[in-house]
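The primary structure of each chain is shown beneath.
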Amino acid sequence: MAKLFRAVIMGPPGSGKGTISKRIAQNFGLEYLSCAQFLQDIAATKNTEEGVLVKTYIDKRMLVPDHVVTRLMQPRLEQLSRHSWLLEGYPRTVVQARSLNELYQLDMVISLNIPYSTLSDRMSDKWIHPASGRVYNMTFNPPRVKGKDDVTGEPLIQSEDDKPEALMARLRHYKDVAKPIFDLYKSQGILHSFSGTDTDRIWPYINSILSTKLPAGPSESRQTQTP
Ligand SMILES: Nc1nc2c(ncn2[C@@H]2O[C@H](COP(=O)(O)OP(=O)(O)O)[C@@H](O)[C@H]2O)c(=O)[nH]1
Ligand SMILES: Nc1ncnc2c1ncn2[C@@H]1O[C@H](COP(=O)(O)OP(=O)(O)O)[C@@H](O)[C@H]1O
């Protein structure tokens, strides 16, 4: 069996992690696991102490404590142990990064470096379908019918979190928390940063570097969600 590939994608909110992850998963047949989606699914479906705890943090827009996320992620990653994967939104703290390092040797960490003004413009154009987490952008990937989710036809909303002051605070937080994670991955020689204002311009660089490490594959990809 070919060596399995382990990758992580990082970037501030709105930097295009989800958009690029889907392209990577489609082109290279990796399993793509969004930690936020995974936690949201647990909060929505698991009526356990852990599910309720996770929901409390998500509702308060606070990071779920490291030991809880790590405990939940470990068995999920175990399920994917025979696949190559791409993680989005995990690790989010250096403690999570160290826990992940103890379990897996990462091959590549992709960091998206997008200017604030671009993030802010994107957010003002961003609409979401709250029930599914599907994300639209009125210029980049508009819904088929204005203001309606493509799958359910339900109304789309704009999130309070994406308004300018909230975005600035989230960005500041991201920078503080991500810095030691970058230092760690830099010291391992696996950090690759991509800068720019357009996903479509960054994508060819990511695609070409991944092509040197991975065979382009018939897609076994799907976004992996709840266990
Ligand atoms: N205008 C524009 N919007 C983009 C671009 N790339 C992604 N988006 C949109 O920006 C928003 C954030 O992208 P997403 O992939 O969800 O970023 P994430 O928060 O890092 O996962 C979404 O509404 C995307 O459709 C781009 O190059 N240009
Ligand atoms: N790696 C993680 N560690 C802790 N909490 C997380 C992690 N990833 C996601 N979350 C939780 O999921 C929520 C939604 O995550 P996300 O969609 O990335 O939005 P945000 O950019 O507002 O954090 C976060 O507010 C947090 O409660």
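Residues numbered from 1 in each chain as written. Chains lettered and ligands numbered in written order. Predicted model: local features only at pLDDT ≥ 70, side-chain atom pairs only at ≥ 80, totals over all residues. Heavy atoms only, no water.

As named in an unreviewed UniProt entry, the chain is GTP:AMP phosphotransferase AK3, mitochondrial, taken from Neogobius melanostomus. According to the UniProt record, the Subunit (unreviewed entry) comment for the chain reads "Monomer." In its Subcellular location (unreviewed entry) section, UniProt records this for the chain: "Mitochondrion matrix". (UniProt positions renumbered as here; feature names shortened; annotations may be inferred.)

### Quick word on the overall build of the chain
Of regular secondary structure, the chain possesses eight helices and eight strands. Relative to its length of 227 residues, the chain is compact, with a C-alpha radius of gyration of 17 Å against a globular reference of 17 Å. Its C-alpha atoms put the chain at 45 × 45 × 35 Å along the principal axes. By residue count, 44% of the 227 residues in the chain fall in the buried class. (Helix = DSSP H or I, 4+ residues; strand = E, 2+ residues; numbered from the N terminus. Rg over C-alpha atoms; globule rule 2.2 N^0.38 Å. Buried < 20%, exposed > 50% of the residue type's maximum accessible area, 1.4 Å probe, protein only.)

### Structural notes on the site of ligand 2
Taken together, 15 residues surround ligand 2, and among them M62, V64, G89, R92 and Q96 come closest. M62 has a polar backbone atom sitting 2.6 Å from an oxygen atom of ligand 2. The contact in question runs from an oxygen atom of ligand 2 to an N or O atom on the side chain of R170, over 3.1 Å. In isolation ligand 2 offers 530 Å² of accessible surface; the protein chains occlude 82% of this area. It is helix α2 (residues 35–45) that provides the largest number of residues to the shell around ligand 2, a total of four residues. Along the lines of polarity and charge, the residues of the shell around ligand 2 split into nine nonpolar, three polar and three charged. (Near = heavy atom within 4 Å. Polar contact = N/O pair within 3.5 Å; in protein donor to acceptor, adjacent residues only side chain to side chain. Areas by Shrake-Rupley, 256 points an atom, 1.4 Å probe, with all protein chains shown as cover. Nonpolar A, V, L, I, M, F, W, Y, C, P; charged D, E, K, R; others polar.)

### What about the packing of helix α1 (residues 17–28) against helix α8 (residues 199–211)?
Packing of α1 against α8 leaves a shortest axis separation of 11 Å and a crossing angle of 40°. One finds that α1 runs oblique with respect to α8. Both α1 and α8 take part in a crossing whose hand is right-handed. Residues T19, I20, R23, I24, N27 and F28 of α1 pack against T199, D200, I202, W203, I206, N207, L210 and S211 of α8. Grouping the constituent residues of the contact of α1 with α8 by class yields seven nonpolar, five polar and two charged. (Axes fitted to C-alpha atoms, helices over the stretch in contact; angles between N-to-C directions. Parallel < 35°, antiparallel > 145°, perpendicular 65-115°, else oblique. Left-handed = near helix turned anticlockwise from the far one by under 90°. Contact = heavy atoms within 4.5 Å.)

### Comments concerning the UniProt feature "domain: Adenylate kinase active site lid" (unreviewed entry) in the chain
According to UniProt, the feature "domain: Adenylate kinase active site lid" (unreviewed entry) maps to residues 127–161 in the numbering used here. Between the C-alpha atoms that bound residues 127–161 there is a distance of 12 Å. The span itself is 0% helix and 20% strand.

### Topic: the side chain of Q96
With respect to the element layout, Q96 can be found in helix α5 (residues 94–103). Aside from chain neighbours lying at most four places away, what touches Q96 is V64, D66, V69, T70, Y90 and P91.

### Digging into the confidence of the model for the chain
Confidence along the chain averages 90 in pLDDT terms, with 94% of residues attaining 70 or more. Confidence drops under pLDDT 50 across residues 219–227; counting only partners more than four residues distant or on other chains, this segment forms 31 contacts. (pLDDT = per-residue confidence, 0-100.)

### Some thoughts on the site of ligand 1
Taken together, 19 residues sit near ligand 1, with G14, K17, T19, N141 and T199 positioned nearest. Between ligand 1 and the protein, one listed contact pairs an oxygen atom with a side-chain N or O atom of R122 at 3.5 Å. Protein contact buries 88% of the 590 Å² of open area that ligand 1 shows by itself. Breaking the shell around ligand 1 down by element, the ones donating at least two residues are α1 and β6 (134–137). Of the residues contributing to the shell around ligand 1, the split by class is five nonpolar, nine polar and five charged.

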